[in-house]
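A closer look at the structure
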Amino acid sequence: MLAYITYPSWIRPEIIPGLPIRWYGLMYLIAFVVTYLLFTWQLRKRQITTEKDVVLDMFFWAIIGLLIGARAFAVTIYDSSGYYLQHPLQIILPFSRVDGKIRLTGIAGMSYHGGLVGATIAIITFLKVKKLDTLEWGDMLVAGIPLGYTFGRLGNFINAELYGRITRVSWGMVFPRAESFPSTEPWVRDFASSVGMPIPAAGLVNLPRHPSQLYEAFFEGLVLWLVLWFIVRKRKPYKGFVICCYMIGYGLIRFFIEYARQPDKGLGPGGWGYPIALVPLSNYYSQFSFLNFTTGQILNVLLIGAAFIMMAIFAARARRLESAPQVPHPTGRKLRKKLK
């Protein structure tokens with residue numbers, strides 16, 4: 001009995017075969033459009049008026065910051081080979097010399113946490129320049145981001161990339177471009193036999209893996225969005241609360257999904273992405289321990305910690321504003337004294 005699923009052969013990266021238009025790019029475009037529409041809906045709901053095109057400008061700079069931050073983290077924190085120090089132009093160029101020829105290779109390697117840092121810096125800077133309420137706008141923005149993120153991860157699945165660790169679960173999937181293993185290795189033969197996979201006498205075996213892109217699309221995307229949009233957003237006690245809940249929710253979910261993701265090579269003990277490895281493993285493909293933590297998990301713990309610190313700061317700020325004395329307004333309304 002087969003205990004795995006073969007990646008659907010009818011799924012192709014290209015929308016139209018032969019043309020450089022891919023589902024991956026379209027999904028990310030949909031992600032930004034969805035986030036934009038959810039944000040502008042909240043502006044209209046709250047009757048917040050802004051200068052013409054200010055929202056589009058904010059999204060433009062957010063995307064620029066996201067790309068710079070995501071790429072910067074990918075070529076520094078997630079790469080220990082020194083390749084980009086020797087080939088700095090490859091950080092930004094989608095071309096490289098392969099076998100003496102210039103070929104289109106794309107820009108491979110983006111970090112979510114780097115993108116978050118870059119986008120946050122860009123958005124805060126933009127809102128400060130425009131003299132807009134950073135926390136209020138930030139709350140509205142992050143309330144819609146997870147739903148957009150869902151489409152981004154679906155794009156990764158369609159592209160058959162960012163798959164997870166090898167697994168024996170019945171929904172494990174054989175991805176066409178995943179790394180294969182020599183059938184002569186005893187652990188490979190045992191693993192393949194346990195899931196009912198044919199074992200060739202010689203050659204390579206493509207073992208089933210966790211479809212971690214779908215895990216992330218569902219939990220980090222859809223589930224987190226439902227919680228933020230229908231529960232947290234409507235009951236936030238102070239400005240910045242939704243931002244903190246997003247950071248905590250994403251960090252927790254991503255921390256546990258990291259156990260199913262394939263760790264990056266070139267980092268940590270044994271050349272794998274385990275900067276903290278409490279249990280030494282001789283084979284990081286077939287062996288596993290909950291006590292070994294990836295770079296992504298460490299960054300998620302830092303993200304959660306930062307969220308709790310920010311939550312305490314924002315709550316204290318809200319209490320100070322609430323207790324500030326009120327002063328008369330020329331129109332007869334009462335306004336709270338602005339704290340310096």
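For the structure itself, look to the data block above.
Presented here is an overview of the structure given in this document. Every value quoted in this text rests on a predicted model; they were computed, and no experiment measured them.

1. A few points about a positive patch on the surface
On the surface, K128, R317, R319 and R320 cluster together into a positively charged patch. You can see R317 is positioned in helix α9 (residues 295-323).

2. Quick word on helix α1 (residues 23-45)
Helix length check: α1, at 23 residues, gives a terminal C-alpha distance of 32 Å against a target of 33 Å (1.5 Å per residue), a fit within 8%. Of all the positions in α1, only M27, A31, V34, T35, L38, F39, T40, Q42 and L43 are classed as buried. Remark: Q47 follows α1 within two positions and exhibits a positive phi of approximately 60°.

3. Topic: helix α4 (residues 112-129)
Helix length check: α4, at 18 residues, gives a terminal C-alpha distance of 26 Å against a target of 26 Å (1.5 Å per residue), a fit within 8%. Looking at α4, one finds that the buried residues are Y112, H113, G114, G115, G118, A119, A122, I123, F126 and L127. If you follow the buried residues of α4, they end up packed against α2 (54-76), α5 (134-158), α8 (241-257) and α9. Just past α4, the residue K131 takes up positive phi, approximately 60°.

4. What about the nonpolar core?
With 28 residues, the main nonpolar core has L228, Y246, Y250 and M311 as its most contacted residues. It is α8 that provides the largest number of residues to this core, a total of nine residues. Excluding residues that lie within four positions of it along the chain, L228 makes contacts with V142, A143, P146, R233, V242, C245 and Y246. Membership of the second largest hydrophobic core comes to 14 residues, among which are A192, M197, V205 and Y285.

5. Considerations on unusual backbone geometry
A positive phi is found at Q47, a non-glycine position, where the angle reads about 60°. Within the secondary structure, Q47 sits in the loop between α1 and α2. What makes Q47 exposed here is its relative accessible area of 71%. Its identity as a non-glycine residue notwithstanding, A160 has a phi of 55°, on the positive side. Looking at the secondary structure, you find A160 in the loop between α5 and β4 (173-174).

Thresholds applied
Starting afresh in each chain, residues are numbered from 1 along the sequence in its written order. Local features in a predicted model are, by the rule used here, given only for residues with pLDDT of at least 70; side-chain atom pairs are given and counted only at 80 or more, and totals for whole chains, interfaces and linings are based on all residues. No hydrogens and no water enter the side-chain calculation; it runs on all heavy atoms of the structure. Like-charged residues are merged into a patch within 9 Å and nonpolar side chains (Val, Leu, Ile, Met, Phe, Trp, Tyr) within 5 Å, provided each residue has over 30% relative accessible area and no salt bridge. Only the protein chains shown count as cover for residues, and all accessible areas are computed by the Shrake-Rupley method using a 1.4 Å probe. Just to be clear on terms, a salt bridge is a Lys or Arg side-chain nitrogen sitting within 4 Å of an Asp or Glu carboxyl oxygen. Two residue types count as positive, namely Lys and Arg, and two as negative, namely Asp and Glu; His and chain ends fall outside the count. The atom standing in for a charge is NZ when the residue is Lys, CZ when it is Arg, CG when it is Asp and CD when it is Glu. A run of H or I in DSSP becomes a helix once it reaches four residues, and a run of E becomes a strand once it reaches two; helices and strands are each numbered from the N terminus. Given the number of residues in a helix, its expected span is that number minus one, multiplied by 1.5 Å. Exposure categories follow from relative accessible area, calculated using a 1.4 Å probe and restricted to protein chains: below 20% of the type maximum is buried, above 50% is exposed, and the middle band is partly exposed. Residue contacts are defined here by distance: any two heavy atoms, one from each residue, within 4.5 Å place the two residues in contact. What makes a nonpolar core is a set of buried Ala, Val, Leu, Ile, Met, Phe, Trp, Tyr and Cys residues whose side-chain atoms join them at distances within 4.5 Å.

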